[in-house]
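# Coordinates in review
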Amino acid sequence: MQFAKVERGEGSDPYEVAHTIALNALVARAKSKGELLAHLKTRGVEDDIAQAVVFRLQETGLVNDREFAAAWATSRHSHKKLSKRIIAGELRQKGVTQEQIDEALDGIDDESEYRVAFDLGFKKYNTMSRLEPDVQIRRIQSLLARKGFNFTIISRVLRELDLATH
């Protein structure tokens with residue numbers, strides 16, 4: 001879907017210009033209220049107009065931080081294999097409230113988080129058959145730590161891979 005570009009001319013209504021900028025930003029992917037406000041600010045839209053545009057988009061359902069947070073959490077967990085801790089940080093940066101973050105992360109249980117960590121660790125383990133066990137452990141620990149998994153989960157993955165005893 002393509003929106004007509006509105007140039008800032010003498011007769012242009014600032015609200016309509018801002019609305020068009022916001023809609024164009026939403027074409028690529030859903031955005032949180034905070035992201036959209038930040039985008040409008042970078043495009044030179046005045047705060048009161050940006051607030052009005054975002055409020056209107058929330059009323060029509062085009063901007064919904066609860067749905068955004070839930071979709072973001074599910075996607076980042078299943079496709080990017082990120083931990084709940086990393087996902088929470090990303091959502092905070094996008095201006096989502098802590099209550100909405102907690103709600104979104106409730107959909108990811110501890111077993112699901114472990115399963116993702118194990119799958120990542122197992123995949124990495126299978127590429128390192130010729131390396132010493134201490135190197136394998138270090139590399140798996142590093143990978144899982146970068147993805148935000150805590151020590152308890154990392155230890156459990158190493159035990160399951162039979163690396164914790166080396």
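Residues numbered from 1 in each chain as written. Predicted model: local features only at pLDDT ≥ 70, side-chain atom pairs only at ≥ 80, totals over all residues. Heavy atoms only, no water.

### Some details on the packing of aromatic side chains
Inspection of every chain in the model, using the stated rule, returns three aromatic pairs. On the numbers, 5.9 Å between centres and 15 degrees between planes, the contact of F118 with F122 is stacked. In this pair, F118 and F122 are both assigned in helix α7 (residues 110-126), four residues apart and thus about one turn of the helix distant. Overall, the relative accessible area of 13% leaves F118 in the buried class. Judged by its relative accessible area of 40%, F122 is partly exposed. Connected via pairs of aromatic rings, a cluster forms that spans Y114, F118 and F122. (Phe/Tyr/Trp six-rings, centres within 6.5 Å; stacked < 30°, edge-to-face > 60°. Helix = DSSP H or I, 4+ residues; strand = E, 2+ residues; numbered from the N terminus. Buried < 20%, exposed > 50% of the residue type's maximum accessible area, 1.4 Å probe, protein only.)

### Description of the confidence of the model for the protein
Across the protein, the average pLDDT comes to 91, with 92% of residues at or above 70. Contacts of residues 1-10 to residues separated by more than four positions or lying in other chains number 14 contacts, the stretch itself having pLDDT below 50. (pLDDT = per-residue confidence, 0-100. Contact = heavy atoms within 4.5 Å.)

### Side note on the side chain of K94
Inspection of the secondary structure assignment puts K94 in the loop between α5 (84-93) and α6 (98-105). Within the local environment of K94, its side chain forms a polar contact with the side chain of E35, the two groups lying 3.0 Å apart. In this structure K94 touches R29, S32, G34, E35, F68 and W72, once residues within four positions along its chain are discounted. (Polar contact = N/O pair within 3.5 Å; in protein donor to acceptor, adjacent residues only side chain to side chain.)

### Re the side chain of K84
By secondary structure assignment, the location of K84 is in helix α5. At 3.2 Å, the side chain of K84 forms a polar contact with the backbone oxygen of I108. In this structure the side chain of K84 is engaged in a polar contact, spanning 3.4 Å, whose partner is the side chain of D110. Ignoring anything within four residues of it in the chain, the contact list for K84 reads L105, I108, D110 and E113.

### A word on the pattern of salt bridges
Throughout the structure, instances matching the rule amount to eight salt bridges. Put simply, R29 and E35 hold a salt bridge, and the shortest N to O gap is 2.5 Å. Here R29 falls in the partly exposed class, since its relative accessible area comes to 32%. With a relative accessible area of 15%, E35 lands in the buried category. With its nearest N and O atoms 3.0 Å apart, the salt bridge here joins K94 to E35. Of the two residues, K94 is situated in the loop between α5 and α6 and E35 in helix α2 (residues 33-42); the sequence distance between them amounts to 59 residues. Across this residue pair, the class does not change: K94 and E35 are buried. Because the salt bridges share partners, they merge into one network encompassing R29, E35 and K94. (Salt bridge = Lys/Arg side-chain N within 4 Å of Asp/Glu carboxyl O.)

### Some remarks on the environment of V45
Looking at where V45 falls in the secondary structure, it is placed in the loop between α2 and α3 (47-59). Relative accessible area serves as the criterion here: at 10%, V45 is assigned to the buried category.

### Describing the packing of helix α8 (residues 133-146) against helix α9 (residues 151-160)
Contact pair α8 / α9: the axes reach a minimum separation of 10 Å and the direction vectors enclose 140 degrees. Along this stretch, α8 crosses α9, giving a crossing that reads as right-handed. For the pair α8 and α9, contact is made by I137, I140, Q141, L144 and A145 and by I154, V157 and L158, respectively. When its residues are assigned to classes, the contact of α8 with α9 shows seven nonpolar, one polar and no charged. (Axes fitted to C-alpha atoms, helices over the stretch in contact; angles between N-to-C directions. Left-handed = near helix turned anticlockwise from the far one by under 90°. Nonpolar A, V, L, I, M, F, W, Y, C, P; charged D, E, K, R; others polar.)

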